[in-house]
Amino acid sequence: MSGLIAIGAGIAVLAGIGAGIGIGIATGKATEAIARQPEASGKIQTALLLGGALAEATAIYGLIGAILIMVMVK
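Described below are features of the structure shown in this document.

Quick word on the overall build of the chain
At step 1: Looking only at helices and strands, the chain has two helices and zero strands in total.
At step 2: Against the 2.2 N^0.38 benchmark of 11 Å for 74 residues, the chain shows a C-alpha radius of gyration of 17 Å, more extended than a compact globule.
At step 3: With the C-alpha coordinates of the chain rotated into their principal frame, the extents come out at 55 × 15 × 5 Å.

A word on helix H1 (residues 2-36)
Each full turn of the α-helix corresponds to 3.6 residues, which orients residues three or four apart in the same direction.
At step 1: With 35 residues, H1 should reach 51 Å at 1.5 Å per residue; the first-to-last C-alpha distance of 51 Å fits that figure.
At step 2: Listed as buried for H1 are Gly8, Ala15, Ala19 and Ala30.
At step 3: Buried-residue contacts for H1 involve helix H2 (41-73).

Let's talk about the pattern of salt bridges
At step 1: In this structure the tally under the stated criterion is one salt bridge.
At step 2: The salt bridge involving Arg36 is made with Glu32; its shortest N-O contact spans 3.7 Å. Of the two residues, Arg36 and Glu32 are both situated in helix H1; the distance of four residues between them amounts to about one turn of the helix.

Some details on the packing of H1 against H2
At step 1: Where H1 contacts H2, the axes come no closer than 8 Å and their chain directions differ by 175 degrees. Classified by the angle their axes make, H1 and H2 are roughly antiparallel.
At step 2: Residues of the contact of H1 with H2, tallied by class, amount to 21 nonpolar, eight polar and one charged.

Considering the environment of Ile23
At step 1: Residue position: Ile23 is located in helix H1.
At step 2: Remark: the alpha-carbon pair of Ile23 and Glu56, spanning 33 residues in sequence, is separated by 8.0 Å.

Notes on the environment of Leu4
At step 1: Tracing the chain through its elements places Leu4 in helix H1.
At step 2: On the basis of relative accessible area, Leu4 is assigned to the partly exposed category, the value being 43%.
At step 3: Excluding residues that lie within four positions of it along the chain, Leu4 makes contacts with Ile69 and Val73.

Reading guide: rules and limits
- Each residue is numbered by its place in its chain's sequence as written, counting from 1.
- Predicted model: local features are reported for residues with pLDDT of at least 70 only, side-chain atom pairs are reported and counted for 80 or more only, and whole-chain, interface and lining totals are derived from all residues.
- Computation of side-chain values covers all heavy atoms of the structure but excludes hydrogens and water.
- For the purposes of this entry, the term helix denotes a DSSP run of H or I that reaches at least four residues, the term strand denotes a run of E that reaches at least two, and both are numbered from the N terminus.
- We take the radius of gyration over the C-alpha atoms and set the globule estimate at 2.2 Å times the residue count to the 0.38 power.
- Each residue after the first adds 1.5 Å to the expected span of a helix.
- Burial classes: relative accessible area under 20% of the type maximum marks a residue as buried, over 50% as exposed, and values in between as partly exposed (1.4 Å probe, protein chains only).
- The contact definition used throughout considers only heavy atoms, calling two residues in contact when any of these lie within 4.5 Å.
- A side-chain nitrogen of Lys or Arg and a carboxyl oxygen of Asp or Glu constitute a salt bridge if their distance falls within 4 Å.
- Axis lines are fitted through C-alpha atoms, for helices just across the contact stretch, and the angle between N-to-C directions can take any value from 0 to 180 degrees.
- Angles are sorted into four bins: roughly parallel if under 35 degrees, roughly antiparallel if over 145, roughly perpendicular if 65 to 115, and oblique for all others.
- Ten residues, namely Ala, Val, Leu, Ile, Met, Phe, Trp, Tyr, Cys and Pro, are considered nonpolar, four, namely Asp, Glu, Lys and Arg, are considered charged, and the remaining ones, Gly among them, are considered polar.

In structure tokens, the structure reads:
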């Protein structure tokens, strides 16, 4: 039983790490793009917000899955 709880916690950690790395890379690329073309900053920021929201949703799905695994095992 405790092995499944550990798997659930591992899923949450991996989802959080993946989302953090993805958002960090996207933010860096958006900053570079705005530095190259300041006139396109509005479109770049919109795409960055949409991508960040999708990456964060992935982390939330991982967290919910991990919590469900931990709750259902007990």
